[in-house]
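Next come the chains, spelled out residue by residue.
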Amino acid sequence: MLHEYTTKVKFMMEILLKAMAKSLNLEENSFAEKLFGKQALMTARFNFYPQCSRPDQVLGVKPHTDGSGVTVLLQEKEVEGLQVFVDDKWVRVPIIPDAIVVNLGDQMQIMSNGIFKSPMHRVVTNTERIRLSVASFNEPDPETEIGPVRWRI
């Protein structure tokens, strides 16, 4: 089951990266070549957030951006917790049943020369329920130098 999930996530990421490159009038594989090269990495993290009596004082995960190229998040179907920082305030990310959340990471922001952003986000705890999620991170080969892709002229 895990192998099937990661295979489908990788396939979806490849389609997304190609569409993002095309949207910038770049060669279709401009991003995918770096992020899905011969030694590219896909790591997964299973997150468990227990219920918390003081969610106003305890974060599930502190504010951060992802260092990945692309992060795919499979969230709990009923318990919210993910928030993004937009216009100087924290905004909750609503749960859409059976959907995944795609988050661009720092590598994509660098490769797009800042056109695509790596959003600041955090996870808050819940007083009544536990929260589970699975985050899949796509990263280039550790030996690959990342920089802005070459633009067509």
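Residues numbered from 1 in each chain as written. Predicted model: local features only at pLDDT ≥ 70, side-chain atom pairs only at ≥ 80, totals over all residues. Heavy atoms only, no water.

**Q** I would appreciate a short explanation of the sheet that holds strand E6 (residues 100-104) in the present structure.
**A** The strands making up a sheet associate through backbone hydrogen bonding, with each pair oriented either parallel or antiparallel. Here we have four strands laid out as an open sheet, ordered E1-E8-E3-E6, and antiparallel in their pairing. For this open sheet the edge positions go to strand E1 (41-49) and E6, each flanked by a neighbour on one side alone. Across the sheet, the mean angle from the axis of one strand to that of its neighbour is 20°, orientation sign disregarded. Pairing geometry for strand E3 (residues 70-75) and strand E8 (residues 131-139), over six bridges, is antiparallel. By the bridge assignment, threonine 71 is partnered in E8 with phenylalanine 137. Strands in contact with helix H1 (residues 2-23) are E1, E3, E6 and E8; relative to E3, the strand with the most contacts, it is inclined by about 130°. (Pairing = 2+ DSSP bridges. Helix = DSSP H or I, 4+ residues; strand = E, 2+ residues; numbered from the N terminus. Axes fitted to C-alpha atoms, helices over the stretch in contact; angles between N-to-C directions. Contact = heavy atoms within 4.5 Å.)

**Q** Explain the packing of aromatic side chains here, please?
**A** Note on aromatic pairs: each is described by the distance of the centres and the angle between the planes. Within the structure shown, the criterion is met by two aromatic pairs. A ring pair is formed by phenylalanine 31 and phenylalanine 116, whose centres lie 6.4 Å apart and whose planes are at 70°; its orientation type is edge-to-face. Of this pair, phenylalanine 31 sits in the loop between H1 and helix H2 (32-35) while phenylalanine 116 sits in the loop between helix H3 (106-111) and strand E7 (121-124), and the two are 85 residues apart along the sequence. In this pair, the class of phenylalanine 31 matches that of phenylalanine 116, namely buried. (Phe/Tyr/Trp six-rings, centres within 6.5 Å; stacked < 30°, edge-to-face > 60°. Buried < 20%, exposed > 50% of the residue type's maximum accessible area, 1.4 Å probe, protein only.)

**Q** Which parts of the structure should I look at to understand the sheet that holds strand E4 (residues 82-86)?
**A** Taken together, the four strands give an open sheet; going across it, the order is E2-E7-E4-E5, and neighbouring strands pair in antiparallel fashion. Of all the strands in the sheet, just strand E2 (59-64) and strand E5 (89-92) have a single pairing partner and so form its edges. The mean angle between the axes of side-by-side strands here comes to 30°, regardless of whether they run parallel or antiparallel. The pairing of E2 with E7 spans three bridges and is antiparallel. For histidine 64, the partnering residue across the bridge sits in E7 and is histidine 121.

**Q** What's the story with the pattern of salt bridges in this structure? I'm lost.
**A** A side chain of one charge can pair with a side chain of the opposite charge when the charged atoms of the two come close. With the rule as written, the count across this model stands at seven salt bridges. For the salt bridge of glutamate 80 with arginine 92, the shortest nitrogen-to-oxygen distance reads 2.6 Å. Taken together, the residues span a long stretch of sequence, with glutamate 80 in the loop between E3 and E4 and arginine 92 in strand E5 at a distance of twelve residues. Among the residues examined, glutamate 80 registers a relative accessible area of 31% and is labelled partly exposed. The partly exposed category is assigned to arginine 92, whose relative accessible area is 48%. (Salt bridge = Lys/Arg side-chain N within 4 Å of Asp/Glu carboxyl O.)

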